[in-house]
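What follows is the residue order along each chain.
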Amino acid sequence: MRGWIAAIIAVFASLAAPASALALSGAPAPALKSPAEYLGFEIGADRTLADYEEARGYFELLDKASPWVLVKRIGTTTLGRPMIAVILSTPENLERLDRYVEISRRLADPRSLSPAEAEALVAEGKIITMITTSLHATEVGAAQMALELAYDVAAGRSESLAKALEETILYVVPMNPDGQQMVVDWYERWLGTEYEGGSMPWLYHHYAGHDNNRDWFMLNLAETRVGFDLFFKSAVPQAVLDMHQMWSSGARLFLPPYYPPANANVDPILYRAMNLVGASMQLACEERGLSGVISNAYFDAYWEGSSNSVVWWHNQIGILSEAASVAVASPIYIEPGELRGSDAGFPRYEMMINFPNPWPGGWWRLRDIVDYDRAAADAFILCCARNRGRFLENFYRMGLRAIELGRTEKPFAYVMPAPQRDPVTAARLVEALMLGGVEVHRAAGDFMSGDRLYRAGSFVVRLDQPYGRYAKDLLEVQKYPDTRASANAPIERPYDVTGWTMPLQMGVSCDEIAEPFDAALELLAEFPYPAGRAAEGAWGAALRPEINASYRAVNELLGKGFAVRRLDEAAASLPAGTFVVPARAGLAAAAADLAARLHVDFIPLESGPAGATHEIRAAKTALFKPWVASMDEGWTRLLFDSFNLPYENVSNEDVKKNAIKGFDVLVIPNIRPGIIKNGKSDDPESVRWQRPLPPEYAGGIDTQGVENVKAFVDDGGTLICFGNSCGFAIEALELPVRNVLDKAPSDAFYCPGSILKASFRRNHPITYGMPEEGHIFFSNSLVFATSVPFGKFDRAVLASFTDKEPLASGYLLGGELLYRNAALVEYTVGKGRVVLFGFNPQHRCQTAGTYKLLLNAVLEARRSS
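Draft legend 1. Spotlight on the nonpolar core. Within the largest apolar cluster, 252 residues are counted, with the highest numbers of intra-cluster contacts made by Leu88, Tyr171, Phe380, Leu557 and Ile720. Residue contributions to this core peak at 13 residues, all from helix H13 (residues 366-386). Leave out the neighbours within four places in its chain, and Ile720 touches Val665, Leu666, Val667, Ile668, Val835, Phe837, Leu854, Ala857 and Val858. Counting 35 residues, the second-largest nonpolar core is a separate cluster that includes Ile701, Leu735, Val737 and Phe793.

Draft legend 2. Here's a closer look at the sheet that holds strand S13 (residues 413-416). The antiparallel open sheet is built from 5 strands, whose spatial order is S18-S13-S17-S14-S19. With partners counted over all chains shown, the strands left at the sheet margins are strand S18 (511-513) and strand S19 (521-523), one partner each. Averaged over all adjacent pairs, the angle separating strand axes in this sheet is 30°, with direction ignored. Bridging between strand S14 (residues 441-443) and S19 involves 3 bridges; their strand directions are antiparallel. Bridge pairing in S19 links Ala443 to Leu521.

Draft legend 3. A look at helix H18 (residues 548-559). The first and last C-alpha atoms of H18 sit 18 Å apart over 12 residues, in line with the 16 Å expected at 1.5 Å per residue. Most of H18 is tucked away, with 10 of its 12 residues classed as buried. After H18 finishes, the residue Gly561 shows a positive phi value of roughly 90°.

Draft legend 4. Geometry of the pattern of salt bridges. Scanning the model with the defined rule gives 49 salt bridges in all. The partner of Asp267 in a salt bridge is Arg401, with the nearest N and O atoms 2.9 Å apart. Note that Asp267 is positioned in the loop between strand S7 (259-262) and helix H12 (268-287) and Arg401 in helix H14 (residues 388-408), a separation of 134 residues in sequence. The partner of Arg407 in a salt bridge is Glu404, with the nearest N and O atoms 3.2 Å apart. Highlighted residues: Arg407 and Glu404, both in helix H14, separated by 3 residues, approximately one helical turn. Glu404 gets classed as partly exposed once you look at its relative accessible area, which sits at 39%. Via salt bridges that share partners, Glu148, Asp152, Arg157, Arg288, Arg367, Asp371, Arg374 and Asp378 belong to a single interconnected network.

Draft legend 5. Focus on the packing of aromatic side chains. By the definition in use, this model includes 41 aromatic pairs. When the ring of Phe643 is compared with that of Tyr851, the centres are 6.0 Å apart and the planes differ by 85°; the resulting orientation is edge-to-face. With a gap of 208 residues between them, Phe643 in the loop between helix H20 (631-642) and strand S27 (648-650) and Tyr851 in helix H26 (residues 851-859) connect regions that are remote in the sequence. Aromatic ring contacts, followed pair by pair, group Trp247, Phe254, Tyr258, Tyr271, Tyr298, Phe299, Trp312, Trp313, Phe346, Tyr349, Phe355 and Tyr495 into a single cluster. Stacked on the ring of Trp364, the Lys or Arg Arg252 has its end atom at 4.7 Å from the ring centre. One cation-aromatic arrangement involves Arg365 over Trp363; the distance from NZ or CZ to the ring centre is 5.1 Å.

Draft legend 6. Here's a closer look at unusual backbone geometry. Cis geometry marks the peptide bond from Pro260 to Pro261, where omega comes out at 5°. Looking at where Pro261 falls in the secondary structure, it is placed in strand S7. Here the residue pair Ala418 and Pro419 is connected by a cis peptide bond, since its omega of -5° sits within 30 degrees of zero. Topologically, Pro419 is positioned in the loop between S13 and helix H15 (423-435). The backbone phi angle of Asn658 is positive, close to 65°, even though this residue is not glycine. As for its placement among the helices and strands, Asn658 is situated in the loop between helix H21 (652-656) and strand S28 (665-668).

Draft legend 7. Just the sheet that holds strand S22 (residues 564-567), in detail. Reading across the sheet, the 6 strands line up as S20-S24-S21-S23-S22-S25 and stay open at both edges, with mixed pairing between neighbours. At either margin of the open sheet sits one strand with a lone partner, and together these are strand S20 (533-534) and strand S25 (613-616). In this structure, S20 lies alongside strand S24 (residues 601-605), joined through 2 bridges in parallel fashion. Each bridged residue has a counterpart across the sheet, and for Arg533 the counterpart in S24 is Asp601.

Draft legend 8. Main features of the side chain of Gln180. Among the structural elements, Gln180 can be located in helix H10 (residues 177-189). A polar contact is formed between the side chain of Gln180 and the backbone oxygen of Ala50, at a distance of 3.3 Å. Excluding anything up to four places from it in sequence, Gln180 contacts Ala50, Asp51, Tyr52, Ala55, Ala137, Ala143, Gln144 and Pro174.

Draft legend 9. Layout of the pairing of strand S29 (residues 718-722). Of all 5 residues in S29, 5 are buried; the element is thus mostly enclosed. Alternating positions in S29 separate into two faces, Thr718, Ile720 and Phe722 on one and Leu719 and Cys721 on the other, with burial throughout. For S28 and S29, the ladder comprises 4 bridges, and the chain directions are parallel. Residue pairing across strands places Ile668 opposite Cys721, the latter belonging to S29.

Draft legend 10. Representation of the pairing of strand S1 (residues 69-76) within the structure. Here S1 runs beside strand S2 (residues 82-88); their pairing, made up of 7 bridges, is antiparallel. By the bridge assignment, Arg73 is partnered in S2 with Ile84. Taken together, S1 and the strand that follows it, S2, pair antiparallel across an intervening segment of 5 residues, in which Gly80 is found at a positive phi of about 95°.

Draft legend 11. Structural context of the packing of H12 against H14. Where H12 contacts H14, the two axes come as close as 10 Å, and the packing angle between them is 155°. The pairing of H12 with H14 is recorded here as roughly antiparallel in orientation. The hand of the H12/H14 crossing is left-handed. Only Arg390, Phe391, Asn394, Met398 and Arg401 of H14 make contact with H12, whose side of the interface consists of Pro268, Ile269, Leu270, Ala273, Leu276 and Val277. Taken together, the residues of the contact of H12 with H14 break down into 8 nonpolar, 1 polar and 2 charged.

Draft legend 12. Local environment of the environment of Ile701. Mapped onto the secondary structure, Ile701 falls in the loop between helix H23 (684-687) and helix H24 (702-714). For Ile701, a relative accessible area of 2% translates into the label buried. Through-space distance from the C-alpha of Ile701 to that of Tyr195 is 21 Å; in sequence the pair is 506 residues apart. Excluding anything up to four places from it in sequence, Ile701 contacts Phe624, Asn652, Val655, Lys656, Ile676, Lys677, Val706, Val709 and Phe728.

Draft legend 13. Looking closely at H24. With 13 residues, H24 extends 19 Å between its outermost C-alpha atoms, agreeing within 8% with the 18 Å of an ideal straight helix rising 1.5 Å per residue. Those residues of H24 not exposed but buried are Gly705, Val706, Asn708, Val709, Phe712 and Val713. Buried positions in H24, seen along its axis, are confined to an arc of 160° and lie on one side of it. Residue Gly716 follows H24 closely and has a positive phi angle near 115°.

Rules used throughout
- Residue positions are counted from 1 within each chain, in the order its sequence is given.
- Totals for whole chains, interfaces and linings use all residues, but because this is a predicted model, local features are given only for residues with pLDDT of at least 70 and pairs of side-chain atoms are given and counted only at 80 or more.
- Remark: hydrogens and water are excluded; side-chain values derive from all non-hydrogen atoms of the structure.
- Each nonpolar core is a collection of buried residues, namely Ala, Val, Leu, Ile, Met, Phe, Trp, Tyr and Cys, held together in the definition by side-chain atoms within 4.5 Å.
- Summary of the burial criterion: residues with accessible area below 20% of their type's maximum are buried, those above 50% are exposed, and those between are partly exposed, where the area comes from a 1.4 Å probe applied to protein chains only.
- Helix and strand definitions here come from DSSP, where helices need a minimum of 4 consecutive H or I residues and strands a minimum of 2 consecutive E residues; each element is numbered from the N-terminal end.
- Every residue pair with non-hydrogen atoms within 4.5 Å of one another is taken to be in contact.
- Strands are treated as partners if at least two bridges between them are detected by DSSP.
- Every axis in this analysis is a line fitted to C-alpha atoms, fitted for helices over the stretch in contact. Angles between the N-to-C directions lie between 0 and 180 degrees.
- Expected span, for any helix, means 1.5 Å times one less than how many residues it has.
- For this document, the term salt bridge refers to a Lys or Arg side-chain nitrogen within 4 Å of an Asp or Glu carboxyl oxygen.
- Here a pair means two rings of Phe, Tyr or Trp (six-membered ring of Trp) with centres within 6.5 Å. Their orientation is stacked below 30 degrees between planes, edge-to-face above 60, and tilted elsewhere.
- Distance and angle both matter: a charge sits over a ring if NZ of Lys or CZ of Arg is within 6 Å of the ring centre and within 35 degrees of the ring normal.
- In protein, a polar contact requires one atom able to donate a hydrogen and another able to accept it; more generally it is a pair of N or O atoms within 3.5 Å, and residues adjacent in sequence count only if both atoms are side-chain atoms.
- Orientation is classified from the angle alone, with under 35 degrees giving roughly parallel, over 145 giving roughly antiparallel, 65 to 115 giving roughly perpendicular, and any other angle giving oblique.
- Left-handed describes a crossing whose near helix is turned anticlockwise from the far helix by less than a right angle; the clockwise case is right-handed.
- Each residue gets one label: Ala, Val, Leu, Ile, Met, Phe, Trp, Tyr, Cys and Pro are nonpolar, Asp, Glu, Lys and Arg are charged, and the others, such as Gly, are polar.
- As used here, the arc is the angular range of directions from the helix axis to the C-beta atoms.

Right, here's the structure in full:
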């Protein structure tokens, strides 16, 4: 009965609501339609999907037809599509939405609240919850389920949801509109063929693909920034459910509790609350007869960087759900013997305490995913509603605890001393912290901490603030916990990386302050980018090579036809590699524009450089883009686009047809040699998941392409390779170098995404601007043993491991294998060059400290030997 009443109220309220455009115009509200009526098919039906534009249109229909639904524009995607939040609650709650968000904001920062004020806000407030869907766009189930969920709320079809929404305001956010549209378009294109349900030959996020869920502290992507605004500013939820899908051959659904290890910077109350919510969701699945639900397996609670976990350090419940996948929307049949366990908490596919009701196998359909996701979503909403006051009070108290920890326990702060080698990159780090809600101060005067003097202008991150644990987690050195039962047991493999210390990745000096200190501090209200100066001397101007932004300025100057040279050796206060720009008409205006936009200083030169210089000529750059989509290629595109470095993508066919002949540089990102050569991975783990592509996208560069790459180098081109693609170059060009980690067993060497110390060769064109000692990000990387050159080969070791214990942050087993070996080598081959990066210098566009190695390699490609 209550469902019918809610439906009737919804219809009359939508007609009468004075704030609606329809009421103001006198037009009748549109009829409320079910998803099936609107789309022409039932949600979850085999081989049918709503694309993003259809989904957005349906949500907007519900907004107009029901006062229980509100659609808000929240931002714009990378490719320019509108992003929306679909907000579900009672009409009364939606009328007071701004007030409830304000209450949430005030509880998030308890410093301005008395206990009595906090108690009153908790009593008045509603718990704000959020479900994010299909961030990984091939994981289609949640985005489809959300249509059904919103309809059931709008139409009053669920008495339990209607009751829960009296206490809850739910945001439903499709997180990857571009990808949802791409995936559905591709899927429908190949329906009824042998390629139905197969992979696309490009990324489902323009730059990041699957790695769009690895950007949640660096904020490179437009969608991540929209998410941060929702999480920490414009919605401020107490609980977030991030819905994903996983492989097909294990459990049917993962829900928390998470698998060890845990992160010590997360409040214990939060772990307990997430366990409570996860257990409630598991119970709901069992009550609906949904078998195969697992917890305490697969996904750990340690790593910082995903959309579901970034909220933990902001005192918000973050729940990850992972349903077993189908072939996009096509059903699959799984034999019982094909169901498998895994190492992390689930060694065998059998009944266990964390897996009490195994799924027996059989047909698995999109509708099954929708049903499991819906059970999880309903239980999430109901659990949060039942615990409204408790969760709001805990939200407030965790903020108080974070402040107290920062006030009473070391470290007390982090300081980025002034001046920095690269002040623009330091400001970028501060920007990322501030977007995450962290308060950052600038020292108004010099101050002492211990025996260290810090100059005025230093950035200070105090930890006695509500998000102090978030700042600490990003700025401290990680030490991956060793949870093994014995020294001989294998280490628990992390789900992603073990080290992410932002200052080390970005090349920013940052000190941990281990004792209380006094300083005059000014709270930053805006991102602290330097103003930039555009001074031009009688001869011209100079740009320092230590500053990443100088490279973008140079690319733009070259694009406008300005001459640019570099110092071969240090001169006066300018280091080797300094860019010098002779004066000419238009330079003053160009420099003023660049200084203002890029925050760089143009240093005036009254006379020409005393020492030798060499000309920088824009290199025509090709970036290899195979049809087996590569996230590393996407991140490289983002880096090149961010630095206005001109390039063209070249495909397998382009390389086979020798279209690379007219280029100066060929960049091959971290792609396995088998994919480069024949389109098939040579990694046993990856090949199991690789589906065949349609004929026009199949294969690799083949034998002819390999010969063309060899000719490209012999004729004077520069080949730049990262990670696994170095193996391709070594084999194809018969380079006299070997990977010392080739075939090293995991019990002898293991480095799962860590930051390592490295030494850089001084005054080489590729290492211009680098410090002598720095850091690289190491993840399944290559390490080179070189030999004395002979014949047509010569080599220069540009980065090497000179410390017997090179670990800086994360985890490393077998570091002695790296000692005195190389991470970066340049080879001379015929008339050309090969630059081998054993690591990714642009890893997920987080490693700003090594960007200039890649930017130099491209800029210096046309230099004379």
